[in-house]
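An overview of the molecular structure
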Amino acid sequence: MGDAFFDKSRWRARSLQSRQLLAASLGLVAFLALAGYALDRAFLETAQSNLRTRLESYALEYASGIEFLRDGTLYVPDTPPEPRFERPGSGLYAEVVLPNGHWDSPSAQGPELPLGGMLAPAVDKFEGPLPITRSDGSSAEIYRLGKGLVWAEGGPQGEFPYTVYISEDTSALASQIRVFRRALWGYLGGAGLVLLLLQMLVLRWSLRPMRQVVGELKRVHRGQLARMSQQHPRELEPLTESINAFIESERENLDRQRNTLADLAHSLKTPLAVLRARLDNPTPEAELREEVATQLRRMNEMVSYQLARAASSGHALFAAPIDIEPHAEQIVRGLEKVYSSRKVLCEFEFDPNARFHGEPGDLQELLGNLLENAFKWAKSRVLLTVRVGDTSPGRRDGLLLAVDDDGPGIAVERVAQLLQRGVRGDERVQGHGIGLAIVQDIVRGYRGELEVRRSEELGGARFEVKLPPGL
């Protein structure tokens, strides 16, 4: 029964607009309820304070006209401060309590009022609501103010203590409270409805950019748009940029796979043609076996190369950061063994904050090809420099990776030729171009730049890779 009453899956599927509207509505209702309660309490306290002030003024007016005769007889003026004191059952009552008796106003004739005791001089007492019984037998409530006084017209021997009580039926106060509450909750309810409607309009307006993003995504999915537009609020820019980067990465992967398949098909045409020609022409078995083995080895090398190139060109969009120095040390130790006879020394300049955000295989291909190229052409020194590249607020840092050698260097007119993408492995430029096509493909996959120039520190060639800030 509990699961049927509260379906978590339906709650998770609720739209953002519904969630925000529900949360804002609950907050608005709670605020209006608290505000209404506070205003109601403030009005009640103010009304009670005004009632006490009014009853106290009646008591003082009565006290100003009261006198005691020498025999202690109480004299009360015939004209009361309010005509209601003379009308029986009017709801406004006066009482004077003496040590040995009391006096009631004509309005108190009939209702059964609670007895009030003597109060010490200068003591006031406000109490209520107190139950009473009207003359018709119905129940009612009153508020009552008592004021302790002393009449001392004749000196110390003529002092007479007494207490004046003024009581009023709560019906008048209750009527005021009902009118106020009716107006209060009516106005608050109307204001709440207006605010809810305004809130719905504000939510629709504020969530409009999200609906635009959803609409653009649908058009991209249908092929009507190539990518997300750039006209979005700042809060949504990281989302749309990540989506665009993902779309571009997927298209690059698809293009790379198509290029790899095309290159592989083109590479295999010649060995297959050779085998077909050998089969069509009479060929000794030994020679045919040797030719088949040669062409199969060649095709195997082509397939391995194309697969390695395809795997090394992937762009990890949300890859974790990789520490570069351990990979570099491992590669350098292997190269120092290969080129031990030349005694080439490799030096490191590492920024401890620099990290590579991508696949470990891509990092190894970059470092391996660049360092192997430098070791091959260096006379005695190679320098590997790793620093934090360009930075951008809210993005991961870029990366600068450079390899310098003290070899013969590269002529300026050959740089463009070295960086030109080849079609097949056996068509790539040799020398400093060994492995450079793989490096170029990886750098392009990470939307970076590969620059080749003369090294200012060592005098040979400098291969510099710049990767931009990531998402």
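Residues numbered from 1 in each chain as written. Predicted model: local features only at pLDDT ≥ 70, side-chain atom pairs only at ≥ 80, totals over all residues. Heavy atoms only, no water.

**Here's the deal with the overall build of the chain**
Which entries qualify depends on this criterion: Each helix corresponds to a stretch of at least 4 residues labelled H or I by DSSP, and each strand to a stretch of at least 2 residues labelled E; elements are numbered beginning at the N terminus. Throughout this description, buried means an accessible area under 20% of the type-specific maximum (1.4 Å probe, protein chains only), exposed means over 50%, and partly exposed covers the range between. Contacts between residues were defined by any pair of non-hydrogen atoms, one from each residue, lying within 4.5 Å. In this description, accessible areas are obtained by the Shrake-Rupley approach with a 1.4 Å probe, and a residue is regarded as covered only by the protein chains that are shown.
Counting its regular elements, the chain contains 11 helices and 14 strands. Sorting the 471 residues of the chain into buried and exposed places 38% on the buried side. Taking the intrachain contacts of the chain between residues at least 6 apart in sequence as the baseline, contacts between residues at least 24 apart amount to 63%. Carbon together with sulfur atoms contributes 55% to the accessible area of the chain, which is approximately 27,800 Å² in total.

**Looking at the nonpolar core**
For clarity, the threshold we go by: What is meant by a nonpolar core is a set of buried Ala, Val, Leu, Ile, Met, Phe, Trp, Tyr and Cys residues, joined one to another through side-chain atoms within 4.5 Å.
Counting 38 residues, the largest nonpolar core has F356, L367, L371 and V382 as its most contacted members. Among the secondary structure elements, those contributing two or more residues to this core are α8 (325-338), α9 (360-377), β11 (381-388), β12 (399-405), α11 (436-445), β13 (449-454) and β14 (461-467). Among residues more than four places away in sequence, those in contact with L371 are I331, V332, L335, C346, V382, L384 and V403. Formed by 26 residues, the second largest nonpolar core is a distinct cluster that contains L55, Y62, A94 and Y143.

**What about the confidence of the model for the chain?**
The condition is simple: Known as pLDDT, the predictor's confidence for each residue is given on a scale from 0 to 100.
Mean pLDDT over the chain works out to 79, with 85% of the residues at or above the 70 mark. Within the chain, helix α1 (residues 2-5) has the poorest average pLDDT of any element, 48, and β12 the best, 93. Note on residues 421-434: pLDDT under 50 across the span, and 36 contacts to partners over four residues away in sequence or across chains.

**Digging into the packing of aromatic side chains**
Stated formally: Ring geometry is summarised as follows: Phe, Tyr and Trp rings, the Trp one being its six-membered ring, pair when their centres sit within 6.5 Å, and such pairs are stacked at plane angles under 30 degrees, edge-to-face over 60 and tilted between the two.
Overall, the coordinates contain 12 aromatic pairs when judged by the stated rule. On the numbers, 5.8 Å between centres and 50° between planes, the contact of F68 with W151 is tilted. Of this pair, F68 sits in strand β1 (residues 67-68) while W151 sits in strand β6 (residues 139-151), and the two are 83 residues apart along the sequence. Overall, F68 belongs to the buried group, its relative accessible area being 6%.

**Thoughts on unusual backbone geometry**
Unlike most non-glycine residues, K343 shows phi in positive territory, near 55°. Accessibility expressed as a relative area gives 68% for K343, which makes it exposed. Of note in the backbone geometry, R447 takes a positive phi value of approximately 55° without being a glycine. With respect to the element layout, R447 can be found in the loop between α11 and β13.

**Examining helix α5 (residues 208-222)**
Heads up, the rule is: To estimate the expected span of a helix, count its residues, drop one, and scale the result by 1.5 Å. Here the arc refers to the set of directions running from the helix axis out to each C-beta atom.
Between the first and last C-alpha of α5 there are 21 Å, a value that for 15 residues agrees with the 21 Å anticipated at 1.5 Å per step. Listed as buried for α5 are P209, V213, E216 and V220. One face of α5 carries all of its buried residues, which in axial projection span an arc of 65°. The exposed residues of α5 that point more than 90 degrees off its buried face are H221 and R222.

**Some thoughts on the pairing of β12**
What counts here: The rule for pairing is simple: two strands pair if DSSP sees at least two bridges between them.
Counting buried positions along β12 gives 7 out of 7 residues, so the element sits mostly inside the fold. Here β12 shows a buried face lined by L399, L401, V403 and D405 and a second buried face lined by L400, A402 and D404. Relative to β12, β11 runs antiparallel, the two being bridged by 7 bridges. What sits directly across from V386, in β12, is L401. As defined by bridge partners, β12 adjoins β14 across 6 bridges and the pair is classed as antiparallel. Residue pairing for β14: L401 is matched across the bridge by V465.

**A short note on the pattern of salt bridges**
Opposite charge on two side chains makes pairing possible when the charged atoms of those side chains draw close. Keep this limit in mind: Think of a salt bridge as a Lys or Arg side-chain nitrogen and an Asp or Glu carboxyl oxygen that are within 4 Å of each other.
For the structure shown, the criterion picks out 14 salt bridges. A salt bridge links E451 to R453, with the nearest nitrogen and oxygen atoms 3.1 Å apart. Connected via shared salt-bridge partners are D404, E451, R453, R462, E464 and K466.

**What about the sheet that holds strand β5 (residues 124-133)?**
To keep things clear, this is the line we draw: Helix axes are fitted only over the stretch in contact, all axes being lines through C-alpha atoms; the angle between N-to-C directions runs from 0 to 180 degrees.
Read across the open sheet, the 5 strands follow the order β4-β3-β7-β6-β5; overall the sheet is antiparallel. At either end of the open sheet lies a strand with only one pairing partner, and these are β4 (101-104) and β5. Across the sheet, the mean angle separating the axes of adjacent strands is 25° when strand polarity is ignored. Sheet topology places strand β3 (residues 92-98) next to strand β7 (residues 160-169); 6 bridges connect them, and they run antiparallel. Within β7, the position partnered with E95 by the bridge is Y165. Of the strands in this sheet, β5, β6 and β7 are in contact with helix α4 (residues 170-206), which crosses β7 at around 45°.

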